[in-house]
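If you want the building blocks of each chain, they are given just below.
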Amino acid sequence: MYASITPFDLVPSNYITLDFSKENKELEHVNFEDMESFNAYVFDKLKAKNVKMGIGGWLENRVVYNQISHFQGTEQRSHHLGVDIWMKAYSPIFCPENCTIHSYKNNEGNGDYGPTIVLKSMAANVFYLFGHLSLESIKGLQNRKVIKKGEHFAEVGPYPENGNWPPHLHFQVMNSMEGKLGDFPGVCAASELDHYKTIYLNPHPFLGLPEMD
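None of these values were measured; they are calculated from a predicted model.

(A) Quick look at the packing of aromatic side chains. Considering all chains together, one arrives at 15 aromatic pairs under this definition. Consider the rings of Tyr2 and Phe206, whose centres lie 5.0 Å apart with planes at 45°: the pair is tilted. Note that Tyr2 is positioned in the segment before strand S1 (15–17) and Phe206 in helix H3 (residues 204–207), a separation of 204 residues in sequence. When its relative accessible area of 34% is taken as the criterion, Tyr2 is described as partly exposed. Centroid distance Phe20 to Tyr41: 6.3 Å. Interplanar angle 70°. Geometry classified as edge-to-face. Of this pair, Phe20 sits in the loop between S1 and helix H1 (35–49) while Tyr41 sits in helix H1, and the two are 21 residues apart along the sequence. Judged by its relative accessible area of 12%, Tyr41 falls in the buried class. Clustering of aromatic rings is evident, with ring pairs tying together Tyr2, Tyr128, Phe130, Phe153, Phe171 and Phe206.

This is the structure:
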């Protein structure tokens, strides 16, 4: 049984799912390069439903990345490899099980993770990546430091220090870091998806969430 990583229980009364795929026609009226517009869209949705969090993203093919240069290249990266938990800046984040700090880094740049912490399970070959944190979250850290199950170890970052996103946590679970430190792809191109499916674990069981369409 994993500890909740959020300050609110992940039960249906506390969250709604947010859809950033092309099927959501509301997104045609959102300018994702304008942080005020993007932020208002997310948190107006939460306010309208009187919930604490918005959740979604596992393997979602997102249109949001079409407007952000960080995801452009020889092939568009648009498949989201983690779960996003949209909630207020400075919301506390807790450790799901007994872990050690594997690595951490401030992944600077518009659209990147910003401050990021990777934890390594003490019980299995499992790595947890927490992205879009506050700068305060990575101050004074040391690799291999033990973080206990349920311990408050980080917080959601505000924009722009969180990679310039509406405040949220990017959470993903992997069975390998492929030698990387403090960073691992959270979005991939269609041609890379089969490879990353061998590395990424479904994060829903770790969060106590049901499967999402």
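From this point, the narrative continues.
(B) Representation of the nonpolar core within the structure. Within the largest apolar cluster, 30 residues are counted, with the highest numbers of intra-cluster contacts made by Ile85, Leu119, Tyr128, Phe130, Phe153, Leu169 and Phe171. Contributing elements (two or more residues each) for this core: strand S2 (53–56), strand S4 (83–86), strand S6 (99–107), strand S7 (114–121), strand S8 (127–131), strand S10 (152–155), strand S11 (168–174) and H3. Ranked by residues supplied to this core, first place goes to S11 with three residues. Residues contacting Leu169, with those up to four places away along its chain left out, are Ile5, Val83, Asp84, Ile85, Met87, Ile93, Phe130, Gly131, Leu133 and Val156. Judged by nonpolar contacts, the second largest core, of 16 residues, contains Ile16, Leu18, Phe20 and Val64.

What counts as what
- Residues numbered from 1 in each chain as written.
- Predicted model: local features only at pLDDT ≥ 70, side-chain atom pairs only at ≥ 80, totals over all residues.
- Heavy atoms only, no water.
- Phe/Tyr/Trp six-rings, centres within 6.5 Å; stacked < 30°, edge-to-face > 60°.
- Helix = DSSP H or I, 4+ residues; strand = E, 2+ residues; numbered from the N terminus.
- Buried < 20%, exposed > 50% of the residue type's maximum accessible area, 1.4 Å probe, protein only.
- Core = buried A, V, L, I, M, F, W, Y, C linked by side-chain atoms within 4.5 Å.
- Contact = heavy atoms within 4.5 Å.

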